[in-house]
Amino acid sequence: MSPSRSAAWRFALLFALQFAAIGVMLPFLPAVLAGHGLAPAEVAAVLAAGSAVRLLAAPLIGRAADALGDARAVLVAAALLAGATAAGFGLAQAFLALLLVSLAHSLAMAPVIPLTDALCLGASRRLGFDYGRVRAAGSVAFILAAVAAGQLAAAAGMASVVWLFVLCLFATGLAALALPAAPPPPRGGGGFRAPFAEPGFRWLLPLSALIQGSHALYYGFATIHWQAAGLSLAVIGLLWAEGVVAEVALFLWGKRLADRLGAPGLAALAAAAGVLRWAVTAETTWLPALAAVQLLHAATFGAQHLAAMRVLARQPPARAATAQTLHASLGVGLASGLLMLAAGPLYAAFGGAAFWAMAALCALALPLAAGLRRALPAG
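Everything numeric in this text was worked out from a predicted model, so none of it was measured.

A word on a nonpolar patch on the surface. A surface patch of nonpolar side chains, about 390 Å² in accessible area, is lined by Leu-330, Leu-334, Leu-338 and Leu-341. Mapping Leu-334 onto the fold places it in helix 16 (residues 320–350). Overall, the relative accessible area of 37% leaves Leu-334 in the partly exposed class.

Quick look at the structure:
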């Protein structure tokens, strides 16, 4: 097997394992916490504290990885520590203990995906494989793992999901250990301010905040909204799956389109698709219309993700981890968290019409995509 193909398969396995871990636990962690006797407010506090730690920890650990000059070693340590701390969700019982587990686990988990992206982008530049095709393994694994975890929880109880989560994270650490060696980048990278010296990075952060953040109402309330409109849970599950399948298709077969559009064109496509997708979602719950616009998840999420990776790939290797983790926290995580907080009052006040606010966010992103084009004339 050629070095390029071998590296691509190793990164695909790494993405598959870490997104399998997320697919296992993301849908079920609230139920796990409730199963330990936590009240709804305590569950929310544990989840919110973990989110806050991830926002702060990811850039700090990314900066440390650049300073050390060995992002792979930091990734291995973070994944293994994330697995060890995840066991606490199965062992701890009281609110305070589970809160401490969540803080420790979130600290370890925060850099795992951004560091993987940084390493994979670097390897794809050196060896010539397609990042999008490799990243598709993560999306496929997420779907399969979520289904498997649901079956496991039904058969063996909710606590069993925790141990599958732990297993996936330990396997992630081992897969990271097996990544191909890379030439050590220069240490340092210039600190947190250095990525902002790249004009494209400065345009990317608000673009990702608006476009990826526009999914907050969808993630939080689409199922509730569609169920209230009379759609069955089975149909709703198929709608969600359709969106992820469309995303996978873009990652697998969208390289020619991505090369043609470049990062600015991908961002403009994501923003325009977001305006259409959320406008239709705001106005109707007619199943054929929803099925049609769910295909746009490939653009609203997938195209913007690929645009971000193309911009971040311009960063020098010495600050790749810092740039990735800053984008994950400031460009995606912070905006998504704040918009998720706003989504509740918006939906309570306006119902499905609240999706017009998400469409407006994407409309605001359109001129920023033009600004990114000016900053990156080569695309």
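Another aspect to go through is the pattern of salt bridges. Applying the stated criterion to the full structure yields two salt bridges. The closest approach of N and O atoms between Asp-259 and Lys-255, which form a salt bridge, is 2.9 Å. Separated by four residues within a single helix, Asp-259 and Lys-255 lie in helix 13 (residues 255–283), roughly one turn from each other. Note on Asp-259: relative accessible area 43%, which makes it partly exposed. For Lys-255, a relative accessible area of 39% corresponds to the partly exposed category. A salt bridge links Arg-310 to Asp-259, with the nearest nitrogen and oxygen atoms 2.5 Å apart. Of this pair, Arg-310 sits in helix 15 (residues 297–312) while Asp-259 sits in helix 13, and the two are 51 residues apart along the sequence. Note on Arg-310: relative accessible area 27%, which makes it partly exposed. A single network of salt bridges, built from pairs that share partners, joins Lys-255, Asp-259 and Arg-310.

Before going further, it helps to spend a moment on the packing of helix 1 (residues 3–25) against helix 8 (residues 131–156). Between helix 1 and helix 8, the shortest axis-to-axis distance is 7 Å and the interhelical angle comes to 30°. Here the hand of the crossing between helix 1 and helix 8 comes out right-handed. For the pair helix 1 and helix 8, contact is made by Ala-8, Phe-11, Ala-12, Phe-15, Ala-16, Phe-19, Ala-20, Ile-22, Gly-23 and Val-24 and by Tyr-131, Val-134, Arg-135, Ala-137, Gly-138, Ala-141, Phe-142, Ala-145, Ala-146 and Ala-149, respectively.

Basis of the calculations
- Residues numbered from 1 in each chain as written.
- Predicted model: local features only at pLDDT ≥ 70, side-chain atom pairs only at ≥ 80, totals over all residues.
- Heavy atoms only, no water.
- Patch = residues over 30% accessible without salt bridge, like charges linked within 9 Å, V, L, I, M, F, W, Y side chains within 5 Å.
- Areas by Shrake-Rupley, 256 points an atom, 1.4 Å probe, with all protein chains shown as cover.
- Salt bridge = Lys/Arg side-chain N within 4 Å of Asp/Glu carboxyl O.
- Helix = DSSP H or I, 4+ residues; strand = E, 2+ residues; numbered from the N terminus.
- Buried < 20%, exposed > 50% of the residue type's maximum accessible area, 1.4 Å probe, protein only.
- Axes fitted to C-alpha atoms, helices over the stretch in contact; angles between N-to-C directions.
- Left-handed = near helix turned anticlockwise from the far one by under 90°.
- Contact = heavy atoms within 4.5 Å.

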